Amino acid sequence: MVSALSAVAVGQGNDAVSFEPDTNRIKSHLFFLADDLLEGRDTGSRGHNIASLYIATEFAKYGLKPMGTDGYMQPVAFRKATLVQESPSFTLTTDEGETALAYPKEYLTGPDVLNQTSQLSGEMVFAGYGIIAEELDHNDYADIDVDGKIVVILSGKPESFPSEMGAHLASGSQKAQYAVDHGAIGMISITTPTNEKVRPYQSRLSYIHTPSLAWIDSEGEPANRFPQLKGSAYLSEGAARKLFADAPVSLDDIYAQLAEDKSPKGFALPGKVNMSKQSQHSQITSPNVVAALEGSDPELKNEYVVFSAHSDHIGFAKTVKKDNINNGAMDNASGTAVMLETARLFSQMEQKPKRSILFVSVTGEEKGLLGADYFAHNPTVPVSSMVADVNLDMPILTYEFADVIAFGASHSDMKASVEQAAANAGIELSPDPWPEQALFTRSDHYAFVKQGVPSVFLVPGLKSKDPNVDGSKVFGEFLSTNYHKPSDDVNQKFNWDAARTFAEVNAQIGYTLATQQQKPTWNKGDFFGETFAKDRQ
Ligand SMILES: [Zn+2]
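Computed from a predicted model, the values in this text were never measured in an experiment. (Residues numbered from 1 in each chain as written. Predicted model: local features only at pLDDT ≥ 70, side-chain atom pairs only at ≥ 80, totals over all residues. Heavy atoms only, no water.)

Caption draft 1: Seen up close, the coordination of the zinc ion. Taken together, the protein donors to the zinc ion comprise Asp331 (OD), Glu366 (OE), Glu366 (OE) and His484 (NE2), at separations of 2.0 to 2.4 Å. Around the zinc ion sit four donor atoms; with metal-centred angles ranging over 57 to 146 degrees, the donor geometry is irregular. Spacing between the donor residues of the zinc ion along their common chain follows D-x34-E-x117-H. Of this pair, Glu366 sits in the loop between strand 17 (356-362) and helix 10 (370-377) while His484 sits in the loop between helix 13 (471-482) and helix 14 (496-515), and the two are 118 residues apart along the sequence. Residue His484 is classed as partly exposed on the basis of its relative accessible area, which comes to 27%. (Donors = N, O, S within 2.8 Å, 3.2 Å for Na, K, Ca; no water. Tetrahedral: all angles 85-135°; square planar, octahedral: opposite > 155°, others 65-115°. Helix = DSSP H or I, 4+ residues; strand = E, 2+ residues; numbered from the N terminus. Buried < 20%, exposed > 50% of the residue type's maximum accessible area, 1.4 Å probe, protein only.)

Structure representation (structure tokens):
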């Protein structure tokens, strides 16, 4: 037998419980969700619907309260836009004449979710990185007028920007917001030498067929879009040279400034740009699955600690012939399996935590954290009642790790509960080994962060209990060999003891957060707390 959970006192604190995850259950959830029959669980696909039904059925088995809008389900309507590959055109008109840029060889442009026919023409203004950051005393729009113009901006951000904060400020949607706030009508991004190292233009060509999705808001409009921007493009270095041919500052000078981490000043660019393209639109529906375990405290049960994990993956691989199913065993059948076992463990507790626990299985993560963003904007409990999010995404469960990494832990007082949970499981909490990746901004919890909810997202660390296993090598190999490939399947060498430890640590964190008297708070002066949680409490 495997006891679900024993609520035995092991100390004086309110965290005096021990969790005993059942590895057979984690394994069977994972194997079901990553089966070929589910065809890679693409958002809106039958395979993903089956996965969602499975998750809802498990929630029902544990006696959890349905918290969707249709039982456990929260169906989300999406508009899906696909670019007609033959359609894009881009011409630059100057005193010298007309130059056409070739798609996709010289520039890229994505599908337009708002318009099936997109047309943009206008004059251009170079606006540095296109970022405004008061806290860093940086304003690329300070001395330029872009009203009614197309902004031309450098991709990325100054190297001196702190990584996670910089990832937010330099995101496409933030840059679009700054541009729109200043009256721009279009946005052209150009590559930089730094960007070519991180994500070469050539590598982007593999994604030109990828559709764009947006969730539909209550007015029937795609959310998080900027109707004022009539067109956008991403230019290769070669194309950028053509744009800057007669510019007051040459592209080489601008690149030279970047090499010294200086932020180039903006200026008007000579010439006029004409861009057009066609996109095809369709509508799909795909569910989040939501369930709650009611807390034991008459007051605190109105507050929720959220566990989130995405159930979707990327469906079929288009370029692979034989085994073309992206099973997403690690991404994110593993996190979902751990969340389901966590839900069961909580449901079996004799003494429930004081606060309620909300389990949210989200769709559309692979399309840009869309299901989580929809839920964070349309939560089935008041947003102010969600006191924390603990996110589970792609834990690599193939070796017995001796530490965990907790993205977001340094932004709130949740770090203490993470440290304690790790210590209880006999492992350590390690600092983020990849600060430059800004992983804090790259999974579903970030949608909750943007609504002011303090969040934490754990992954197994790189230290191994087995001296013969190099955790960082295992991790690197997963990324290069299996990540977003059909080989992320159940044939990987899972270590179920690692799965147990991972579930134990996350359950413990959730329990502490749901039982401690004070709700989690952002650290004083924290950028994310200041930016997103101003009006909370
Ligand atoms: Zn993924």
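Caption draft 2: Structural view of the pairing of strand 19 (residues 403-407). Counting buried positions along strand 19 yields five of five residues, so the element is predominantly enclosed. Burial of the side chains of strand 19 extends over both faces: Asp403, Ile405 and Phe407 are buried on one face and Val404 and Ala406 on the other. As paired strands, strand 19 and strand 20 (residues 428-430) are joined by three bridges and run parallel to one another. Bridged to Asp403 within strand 20 is Glu428. Examined bridge by bridge, strand 19 and strand 21 (residues 455-460) share four bridges and lie antiparallel to one another. Within the sheet, the bridge partner assigned to Phe407 lies in strand 21 and is Phe457. (Pairing = 2+ DSSP bridges.)

Caption draft 3: Focus on the nonpolar core. Formed by 140 residues in total, the largest nonpolar core has its most connected members in Phe59, Ile188 and Phe244. Among the elements that take part in this core, helix 14 stands out by supplying eleven residues, more than any other. Listed in part, the 16 residues of the second largest apolar core include Ala292, Val381, Met386 and Ala447. (Core = buried A, V, L, I, M, F, W, Y, C linked by side-chain atoms within 4.5 Å.)

Caption draft 4: Helix 13, seen in detail. Here helix 13 contains twelve residues, and its C-alpha end-to-end distance of 16 Å stays within 8% of the 16 Å for a straight helix at 1.5 Å per residue. What helix 13 keeps buried is the set Gly471, Phe475, Phe478 and Asn482. For helix 13, the angular spread of the buried residues around the axis is 85 degrees, confining them to a single face. Buried positions along helix 13 lie against helix 9 (329-347). Where helix 13 starts, the residue carrying a side-chain oxygen 3.0 Å from the main-chain nitrogen of Ser472 turns out to be Asp470. Positioned one or two residues after helix 13, His484 has a phi angle of 55 degrees, which is positive. (Expected span 1.5 Å × (residues − 1). Arc of directions from axis to C-beta. Contact = heavy atoms within 4.5 Å. Polar contact = N/O pair within 3.5 Å; in protein donor to acceptor, adjacent residues only side chain to side chain.)

Note that all results are geometric; they support no functional claim without further evidence.
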